[in-house]
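This is what each chain is made of:
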Amino acid sequence: MACGFRRSIACQLSRVLDLPPENLIKSISAVPISRKEEVADFQLSVDSLLENNNDHSRPDTQVQARKLAEKLKCDSVVSEISTGQGTVNFKINRELLTKTVLQQVIKDGSKYGLKSELFSGLPQKKIVVEFSSPNIAKKFHVGHLRSTIIGNFIANLKEALGHQVTRINYLGDWGMQFGLLGTGFQLFGYEEKLQSSPLQHLFERLGVHFDEYSGESFYREKSQEVLKLLDSKGLLQKTIKGTAIVDLSGNGDPSSICTLMRSDGTSLYATRDLAAAIDRMDKYNFDTMIYVTDKGQKKHFQQVFQMLQIMGYDWAERCQHVPFGVVQGMKTRKGDVTFLEDVLNEIRLRMLQNMASLKTTKVLENPQETAERVGLAALIIQDFKGLLLSDYQFSWDRVFQSRGDTGVFLQYTHARLHSLEETFGCGYLYDFNTACLQEPQSVSILQHLLRFDEVLYRSSQDLQPRHIVSYLLTLSHLAGMAHKTLYVKDSPPEVAGARLHLFRAVRSVLANGMKLLGITPVCRM
């Protein structure tokens, strides 16, 4: 993908540089669009070619870029080659760009961007993601909302890339043993408690599902086996108070001591997490296991992973903690928000009020459902705009703005583009004139669509949703500007068809990205 353009450029570069194309593909990046001037479509950073050069007298990158550009030639794909600050820039043949990108979006559908050469050779892995993890015996805290939406995003992304993902909700102690697997579960009388909970309601809006529910009670017996194993290896120490500890430093450093058993013989969180990790490796033989919790548990997981290592489990290095920051200032009209049901109620109420005040709001079959989906989109985008590790100040007013970089704006853009398709029909999808899409606004959208695979690749590397969020917001702004000037109504049929094709591609990619983030796109609002 990037519709094969990146590979075509890499093949020409490989002949000049005497390097395999595969070594060059990830060094060729799509150029971010500029509102001020038309930019090239791809660029090669000369620095990336010199990274392995240990010679401190590295040649001037500007000179190197110019020398390399002189050896390259335009062809049926590349119409122009230029140089920038240490880069060689490539402009794709405009009609080829238009035709290839739009056809690829329609052909690949929900897989657009995921079939890219950036992901070629990616081994398919077994991945376990543990997220949400509330205590069923208590009301659901808003902290579980962050774990739920972040974990859902990571699982969605991994699944989209073709990995085999197991989603686990590790529930806090219910005071009795239970087991729950897939859809055919038995919760020994607790089904109603789960089904009637606001968290379950959130799962059904968001489309969140779990392959396994397990809990601390489930690992009580197995925790004793963990303690016996640690004791047999001479790692478990008894204190004067009767507790059992492991000294991870080996020299009595208090900050490296982990308590695994109370004086009454009962196990603690760390012991049960060790038992759960061992059990999951036996059950799933995972390549990666990801825990999604707040950053306050960073030390806890460091110690758990370290203990697995000293117990002889080399696979401990496959375990990963994805920490997130704290949301500050989340208040309803009644005061501080503590529980999830307060958040859901507030979302629904505020969004219904916002929709009622908008002149553009259409008559909806289910305004409550639409309000909830738009409201949750607003909440998710607010949450995902920055680094997950960062704390952020919550603002209801900012979250629900219909203009600007918000989830409401994304939903509004999607609904407006869907309305355009409904109004003018879809007979244009397979045949259009590329010459009708050469305006600067059209080209900017096409260039941005070209970058989607790179954005997905970046998020797959660091598990940060902000790259996708930023991309979708820019796409929506571009679509908004184009909608004002690239009229469909009253345009000649050939022009109208081409523009509808462009807007359809935007809506498709927008929907794809939103679904990865855990947002259900609305078609009316």
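Each residue is numbered by its place in its chain's sequence as written, counting from 1. Only residues with pLDDT of at least 70 are given local features in this predicted model, and only at 80 or more are side-chain atom pairs given and counted; all residues enter the totals for whole chains, interfaces and linings. Just so you know, side-chain values use all the structure's heavy atoms and leave hydrogens and water out.

Caption draft 1: Structural detail: the overall build of the protein chain. Helix and strand labels come from DSSP, where a helix needs a run of H or I of at least four residues and a strand needs a run of E of at least two; each type is numbered from the N terminus. Tallying secondary structure elements over the protein chain gives 19 helices and 17 strands in all. Across the 525 residues that make up the protein chain, the buried fraction comes to 54%. Counting contacts in the protein chain only where the partners sit at least 6 residues apart, residues at least 24 apart contribute 71% of the total. Per-residue accessibility takes into account occlusion by the displayed protein chains alone, with areas from the Shrake-Rupley method and a 1.4 Å probe. Within the structure as shown, the protein chain displays about 24200 Å² of accessible surface, and the carbon and sulfur contribution to it stands at 48%. Working definition: with a 1.4 Å probe on protein chains only, accessible area under 20% of the residue-type maximum means buried, over 50% means exposed, and in between means partly exposed. Contacts are assigned to residue pairs with any non-hydrogen atoms lying within 4.5 Å of each other.

Caption draft 2: Just unusual backbone geometry, in detail. We note that Asp-18 has phi near 60°; this positive angle belongs to a residue other than glycine. Tracing the chain through its elements places Asp-18 in the loop between helix H1 (5–17) and helix H2 (21–25). Non-glycine residue Asn-285 carries a positive phi angle of around 45°. You can see Asn-285 is positioned in the loop between helix H10 (269–284) and strand E12 (288–294).

Caption draft 3: Inspection of the environment of Gly-151 at higher detail. Tracing the backbone shows Gly-151 in helix H6 (residues 143–160). When the C-alpha positions of Gly-151 and Val-208 are compared, they lie 9.5 Å apart, and in sequence the two are 57 residues distant.

Caption draft 4: The packing of helix H16 (residues 440–450) against helix H19 (residues 493–517), seen in detail. In this analysis, axes come from line fits to C-alpha atoms, helices being fitted only over the stretch in contact, and the angle between any two N-to-C directions falls in the range 0 to 180 degrees. Here H16 crosses H19 at 30°, and the two axes come no closer than 11 Å. Crossing of H16 over H19 shows left-handed handedness. Contacts between H16 and H19 pair Ser-442, Ile-445, Leu-446 and Leu-449 from the former with Leu-502, Ala-505, Val-506 and Val-509 from the latter. Each residue gets one of three labels, nonpolar for Ala, Val, Leu, Ile, Met, Phe, Trp, Tyr, Cys and Pro, charged for Asp, Glu, Lys and Arg, and polar for the others, Gly among them. Its residues assigned to classes, the contact of H16 with H19 comprises seven nonpolar, one polar and no charged. For a crossing to be left-handed, the near helix must be turned anticlockwise from the far one by less than a right angle; the clockwise case is right-handed.

Caption draft 5: Up close: H16. Buried residues dominate H16, accounting for nine of its eleven residues. Taken residue by residue, H16 has Ser-442, Val-443, Ser-444, Ile-445, Leu-446, Gln-447, His-448, Leu-449 and Leu-450 as its buried positions. On its buried side, H16 packs onto H1, strand E2 (42–45), helix H5 (94–108), helix H17 (452–462), helix H18 (466–485) and H19.

Caption draft 6: The arrangement of the sheet that holds strand E10 (residues 244–247) in detail. Judged by pairing direction, the sheet is antiparallel, and its three strands sit side by side in the order E9-E10-E11 without closing on themselves. With one partner strand each, in any of the chains shown, strand E9 (237–238) and strand E11 (257–261) form the two edges of the open sheet. Note: two strands are recorded as paired if DSSP finds a minimum of 2 bridges between them.

Caption draft 7: Fine view of the packing of aromatic side chains. Here is the rule: rings of Phe, Tyr and Trp (six-membered ring for Trp) pair when centre to centre is within 6.5 Å. Planes less than 30 degrees apart are stacked, more than 60 are edge-to-face, and the remainder are tilted. Applying the stated criterion across every chain yields a total of 13 aromatic pairs. Summarising the aromatic geometry, the rings of Phe-153 and Phe-384 are spaced 5.9 Å apart at their centres and angled 55° between planes, so their arrangement reads as tilted. Here the residue Phe-153 occupies a position in helix H6, and Phe-384 occupies one in helix H13 (residues 367–384), the gap between them amounting to 231 residues. Between Phe-301 and Phe-305, the ring centres sit 6.0 Å apart and the planes meet at 40°, which makes this aromatic pair tilted. Of the two residues, Phe-301 and Phe-305 are both situated in helix H11 (residues 298–310); the distance of four residues between them amounts to about one turn of the helix. The same class applies to Phe-301 and to Phe-305, which are both buried.

Caption draft 8: Main features of the sheet that holds strand E4 (residues 87–92). On the basis of which strands lie adjacent, the open sheet formed by four strands has the order E1-E2-E4-E3 and antiparallel pairing. Since the sheet does not close on itself, it has two edges, and those belong to strand E1 (28–30) and strand E3 (78–83), each with one partner. Each strand of the sheet is rotated relative to its neighbour by a mean of 25°, with strand direction disregarded. Relative to E2, E1 runs antiparallel, the two sharing three bridges. The residue of E2 that forms the bridge with Ser-29 is Gln-43.

Caption draft 9: Representation of the pairing of E12 within the structure. Judged by how many residues are buried, E12 sits mostly within the fold: six of seven residues are covered. Pairing of strand E5 (residues 126–130) with E12, which is carried by four bridges, proceeds in the parallel orientation. Residue Glu-130 lies in a different strand from E12, and its bridge partner there is Tyr-291. Of the pairings in the sheet, the one linking E12 to strand E13 (residues 319–324) comprises six bridges and is parallel in character. When the sheet's bridge partners are listed, Tyr-291 is paired in E13 with His-321.

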